Amino acid sequence: MNVPVPPPGGGCRTAPVLKQRGQREVFCGLTGIIWLHRKMQDAFFLVVGSRTCAHLLQSAAGVMIFAEPRFGTAILEEQDLAGMKDAHTELDREVARLLERRPDIRQLFLVGSCPSEVIKIDLARAAERLSQIHAPHVRVLNYSGSGIETTFTEGEDACLASMVPVLKDTVARELLLVGALPDVVEDQMLALLGQMGIDNIRLLPARRIDDTTAVGPNTVFALTQPFMGDTHAALIRRGARHIAAPMPFGDEGTTAWLRAIALEFGVPDATFDAVTAAPRARARRAIAQAAEHLRGKSIFFFPDSQLEIPLARFLTRECGMTAIEVGSPYIHDAIHGPDLDLLPAGPQISEGQDVDLQLDRVRAARPDLTVCGLGLANPLEAEGLTTKWAIELVFTPVHFYEQAGDLAGLFSRPIRRKAALRLEAAQ
Ligand code: SF4
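Residues numbered from 1 in each chain as written. Predicted model: local features only at pLDDT ≥ 70, side-chain atom pairs only at ≥ 80, totals over all residues. Heavy atoms only, no water.

Looking at helix α12 (residues 308–319)
The periodicity of an α-helix, 3.6 residues per turn, causes residues three or four positions apart to be oriented the same way. Counting buried positions over the 12 residues of α12 gives 11, a clear majority of the element. By the burial criterion, the buried members of α12 are E308, I309, P310, L311, A312, R313, F314, L315, T316, E318 and C319. Positioned one or two residues after α12, G320 has a phi angle of 75 degrees, which is positive. (Buried < 20%, exposed > 50% of the residue type's maximum accessible area, 1.4 Å probe, protein only. Helix = DSSP H or I, 4+ residues; strand = E, 2+ residues; numbered from the N terminus.)

This is the structure we're talking about:
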């Protein structure tokens, strides 16, 4: 089996981390609903919030809002805010109306927002009460997606963590794979593990509630996304054990991730190599092609999704880039550690944000590529920097071998576009 070689000058796991707290330019956790509702086909996400929250969902979802999506906002009106109406009676009525109209819904998430948290609506109690009213057909859970509590992808973490306490108990030795992946990527992952003879697999989130995902002392779990701090803790509280591994991005990350699971389940080396050889070769070819424009270029990550550290590892080791700064909203040693071990020493690792100071750093460094949110991308482009919108990395299939070339392509596209525009201007 192939073991990833640690960088000769050491990795970044023990590098000093620049921690800053100040003005932030990030999404709140409500945005997680956009991809979660597509994954969980019998779930509905009801945000209890303001018109601001509804607008955020509307603009983040783009054209999806015309496709009768399974999410919506119960808007808190002035009378609710002034405490003149019983918010719980209102909510019960809204939920009853919704479930009557949409009998296909089997799980309902009451999603907390800044306004619902500030006026302290007890959504946990509401979820318990509504679960009793609508059981057994509908399960009602609660989590917070507010900007006060959560940053962007943390919304998914909060959602999955809210499901862990209600998972059934099991003593079976099972592999639980955690993180919402596009169906096509999930199928590839299951096929690779299946070919190695590992098929006692459960998924969190499952596509439907009827899928009997369970957890117990013999459960081992692997994360397919790096933003799972709370879910990781909740699973450990239920007795499950984490298989630490780099995230499955690129050829190397995917191989190391699969290898950690293969070792846990005693898969023979020969089987592992036979299963991974062809897709690895394909991934390597695709990466080499897409990385042509990335080699020798520098990159700077603003914090956004917690994908930054594994992506920096992929881009430096497999695409020949140099990282100047790798910012992440949060760094969790048990989760990000294996990727930090492999990320060559050198870049400033930063956690949290004081956006003005970080903008000063990016202007001073003038990297070839800056990964940042939409709020910063166009202003930085106007200053002559080339940017990559971070949100695309969360919506696009980027995990495992078959997507490795596309992943590198997402970063090379803005560089190629800039070169093409320059050429056009010169002609
Ligand atoms: S939850 Fe908070 S940060 Fe998110 S849209 Fe609503 S008000 Fe804004």
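So, helix α8 (residues 183–195)
The end-to-end C-alpha separation of α8 is 18 Å, in line with the 18 Å expected for 13 residues at 1.5 Å each. Along α8, the positions that sit buried rather than exposed are V185, E186, Q188, M189, L192 and L193. The arc enclosing the buried residues of α8, seen along the axis, measures out at 160 degrees, which places them on a common side. (Expected span 1.5 Å × (residues − 1). Arc of directions from axis to C-beta.)

A word on the nonpolar core
Residues F45, F109, L177, L193, W257 and F411 are the most contacted members of the largest nonpolar core, which totals 99 residues. Other than its neighbours up to four places away in sequence, W257 contacts L177, M189, L193, A222, L223, T224, A245, P246, P248 and F400. Judged by nonpolar contacts, the second largest core, of 19 residues, contains V48, L110, A127 and V140. (Core = buried A, V, L, I, M, F, W, Y, C linked by side-chain atoms within 4.5 Å. Contact = heavy atoms within 4.5 Å.)

Some points on the site of the ligand
If you check the shell around the ligand, you find C28, L30, C53, L56, S113, C114, P115, S146 and G147 and nothing else. Put simply, the parts of the chain that give the shell around the ligand at least two residues each are α2 (51–61) and α5 (114–118). Of the residues contributing to the shell around the ligand, the split by class is 6 nonpolar, 3 polar and no charged. (Near = heavy atom within 4 Å. Nonpolar A, V, L, I, M, F, W, Y, C, P; charged D, E, K, R; others polar.)

Some thoughts on the packing of helix α7 (residues 154–163) against helix α9 (residues 229–237)
Between α7 and α9, the shortest axis-to-axis distance is 7 Å and the interhelical angle comes to 20 degrees. Relative to α9, the element α7 lies roughly parallel. Between α7 and α9 the crossing geometry is left-handed. In contact with D157, L160 and A161 of α7, α9 contributes G229, D230, T231 and A234. (Axes fitted to C-alpha atoms, helices over the stretch in contact; angles between N-to-C directions. Parallel < 35°, antiparallel > 145°, perpendicular 65-115°, else oblique. Left-handed = near helix turned anticlockwise from the far one by under 90°.)

Quick word on the layout of surface pockets
Taken as a whole, the largest pocket encloses approximately 420 Å³ of empty space. Counting residues per element, the ones that place at least two in the lining of the largest pocket are β2 (43–49), β3 (71–75) and α4 (87–101). Sort the elements by how many residues they give to the lining of the largest pocket and α4 lands first, with 7 residues. Among the residues forming the lining of the largest pocket, the class breakdown is 12 nonpolar, 2 polar and 7 charged. Lining the second largest pocket are 18 residues, and of these W35, R38, L181, P182 and F395 lie nearest its centre. (1 Å grid on protein atoms, 1.4 Å probe; cavity = no way out; pocket = protein on both sides within 12 Å on 5 of 7 lines; lining within 4 Å. Points joined across faces, edges and corners; volume = space filled by probe spheres on them.)

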